[in-house]
Amino acid sequence: MAKNFLVSEENEITCEDFLAVSRRVRYNTSVAKCYEEFAKEGAIPYAVSAGEIKYGKEPNFEKRAKAVRECGTKWDFDFYPEHGVKHLIRMNRCKDRFCLNCQSLESDQRFAQYSGVLDTFARENDLYHIVFTVPNVLDENVADTVTLLLDRFSYLIRFFDGRKKIRGVDFGKYGYIGAVRSLEITVSESNGSYHPHLHTVFILKKGLDMSQVYWNRFSPDYRNKQAPPRLYSEFEVLLQRMWCLLLLRLEVTKYNIEHIAELCDYPDGFSVHSDLAGGDYHEIFKYAIKPFFEKQTALELNQFRVLYRALFDRRAYETYGCLKKWDFNEIDTDLGLSSPDAAFDLWIASMQQAEMPKRVQEVLQKIILGLNEGVDCKYISKATYVRHFRALSEEDKIAALKALTAAE
């Protein structure tokens, strides 16, 4: 049992895994070129506050460019020749927020670390994935719009936690106890405008009436003309109108919510939609510029400049209420490689009873070439091992641990 478990393919870093890294880092060439251009300029706009652009010199752009270019190219392993196993110790990572490789890995790790936290609250509450949007903006307005989004969302939370009141509107009935929000920016393929928006999870009372019975201008789905129009719940309509009033800095009162068409050009407010999360939190853990890479689009210099300014010194995630004790920005960037795990540590100890490893460094492309040529060696990491081990039945876990202990 133990031997079969140890050599199982589920424990391996496969050729496809290495190829995935190779595909992700190819975008880093364009990112590195942008940093090199920043280095030539010497000073770039790095923050926007109330329409005022602040300039600052960052001497590390050349260093960033080099780190981004080299990300994921070198891998350190402990090599056990007699076992034919190479245990991943580390790979070089730039940890840059514009690096698809690092952000993809961090997104997966963030999901692994914090989805369980959300699941814990789902036992007694309903969790809703709520997306808050704003009309698209042009280059010069992106940073200001992001500032406004983050500020107004924090203000919106005050209505739910009771710090702010609206006469005639009962927020207590929703049973709000906490929330988390993340920022995402997409770009229109038709006109190049930017679409900053927030993915959030709200923890609310179980069994709320969220019947979707209201039609408004957001109902037609222009992306899928075959689908029936989406209807909205009373809760969603309330959020659509409140969100619009907040962003336009209009007073949020019951009258203004009900008569918003008299106050602005947005008779139904701004688009907000809410759905039960049902344990699917992947959208909240995506990173801010992932859509660029999903469409296999390299960043152009102007787009990079806009996004750099908009994201500079921003917290990608913010938690509220019962989630405040967790900082979703903090993750195990080593993907658990240095954390203790009894099963994995027993496996390593069992191999070291027979031989001590040799530390080796390999280049990504040579690893892929060797695996394609059928090299007789298995690559493993703590992350793949632990993921597989935790998916085993309790009976198989006990059997594997007994066998490992006996081998030691």
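Structure shown above.
A quick note: this is a predicted structure, and the numbers were derived from the prediction, not measured.

Peer 1: What am I meant to see in the sheet that holds strand β7 (residues 194–204) here?
Peer 2: Strands belonging to one sheet form pairs held by backbone hydrogen bonds; the direction of such a pair is parallel or antiparallel. With antiparallel pairing, the 5 strands of this open sheet are ordered in space as β8-β5-β7-β6-β9. Whereas interior strands pair on both sides, the edge strands pair on one side only; in this sheet they are β8 (272–276) and β9 (317–321). Strand after strand, the sheet turns through a mean of 20 degrees between neighbouring axes, direction not considered. Pairing of strand β5 (residues 126–132) with β8, which is carried by 5 bridges, proceeds in the antiparallel orientation. Residue phenylalanine 132 lies in a different strand from β8, and its bridge partner there is valine 272. Along the sheet face, helix α10 (residues 301–311) touches β6 (178–187) and β7 and points at about 160 degrees away from the line of β6.

Peer 1: So what exactly am I meant to see when it comes to the pattern of salt bridges here?
Peer 2: A side chain with one charge may pair with a side chain of the opposite charge, provided their charged atoms come close. Evaluation of the coordinates by the stated rule reveals 22 salt bridges. Linking glutamate 362 and lysine 86 is a salt bridge whose minimum nitrogen-to-oxygen distance equals 2.2 Å. Placement of the pair is glutamate 362 in strand β10 (residues 358–363) and lysine 86 in strand β4 (residues 85–91), with a sequence separation of 276 residues. Accessibility classification places glutamate 362 together with lysine 86 in one group, the buried group. Among the ionic pairs, arginine 163 bridges to aspartate 161, the shortest N-O distance being 2.8 Å. Taking the relative accessible area as the measure of exposure, aspartate 161 reaches 34% and is therefore partly exposed. Put simply, Arg315, Glu318, Lys324 and Asp327 are held in one network by salt bridges that share partners.

Peer 1: Would you take a moment to explain the state of the cysteines for this structure?
Peer 2: One way to say it: the disulfide is the covalent bond shared by the sulfur atoms of two cysteines. If you walk through the whole model with that rule in mind, you get 0 disulfides. Free cysteine: cysteine 102, not disulfide-bonded; nearest cysteine sulfur from cysteine 71 at 3.5 Å.

Peer 1: What should I look at first to understand helix α4 (residues 61–70) in this one?
Peer 2: The periodicity of an α-helix, 3.6 residues per turn, causes residues three or four places apart in sequence to face the same way. Residues of α4 that are buried: Phe61, Ala65 and Val68. Viewed end-on, α4 has its buried residues packed into an arc of 70 degrees, placing them on one side of the element. Exposed and facing more than 90 degrees away from the buried side of α4 are Glu62, Lys63 and Lys66. One or two positions beyond α4, positive phi appears at glycine 72, with a value near 75 degrees.

Peer 1: Hey, could you run me through the pairing of β9 in this one?
Peer 2: Working note: regular strand, side chains alternate between the two faces of the sheet. Most of β9 is tucked away, with 4 of its 5 residues classed as buried. Across 5 bridges, the pairing between β6 and β9 is antiparallel. Within β9, the position partnered with alanine 179 by the bridge is tyrosine 320.

Peer 1: Looking at this model, I keep getting lost on the packing of aromatic side chains. Mind explaining?
Peer 2: In this structure the tally under the stated criterion is 35 aromatic pairs. With centroids separated by 4.5 Å and ring planes inclined at 45 degrees, the aromatic side chains of phenylalanine 98 and phenylalanine 304 adopt a geometry described as tilted. Of the two residues, phenylalanine 98 is situated in the loop between β4 and α5 (100–122) and phenylalanine 304 in helix α10; the sequence distance between them amounts to 206 residues. Here phenylalanine 304 falls in the buried class, since its relative accessible area comes to 0%.

Peer 1: Help me out: how do you make sense of the sheet that holds β4 in this one?
Peer 2: Pairing is mixed in the open sheet, where 4 strands are placed in the order β10-β3-β4-β11. Every interior strand has two partners, whereas the edge strands, β10 and β11 (378–380), have only one. With direction set aside, neighbouring strand axes in the sheet form an average angle of 35 degrees. As paired elements, strand β3 (residues 74–80) and β10 share 6 bridges and run antiparallel to each other.

Rules used throughout
- Residues numbered from 1 in each chain as written.
- Predicted model: local features only at pLDDT ≥ 70, side-chain atom pairs only at ≥ 80, totals over all residues.
- Heavy atoms only, no water.
- Pairing = 2+ DSSP bridges.
- Helix = DSSP H or I, 4+ residues; strand = E, 2+ residues; numbered from the N terminus.
- Axes fitted to C-alpha atoms, helices over the stretch in contact; angles between N-to-C directions.
- Contact = heavy atoms within 4.5 Å.
- Salt bridge = Lys/Arg side-chain N within 4 Å of Asp/Glu carboxyl O.
- Buried < 20%, exposed > 50% of the residue type's maximum accessible area, 1.4 Å probe, protein only.
- Disulfide = S-S within 2.5 Å.
- Arc of directions from axis to C-beta.
- Phe/Tyr/Trp six-rings, centres within 6.5 Å; stacked < 30°, edge-to-face > 60°.

Everything listed here is a matter of coordinates, which is why it stays silent on function.
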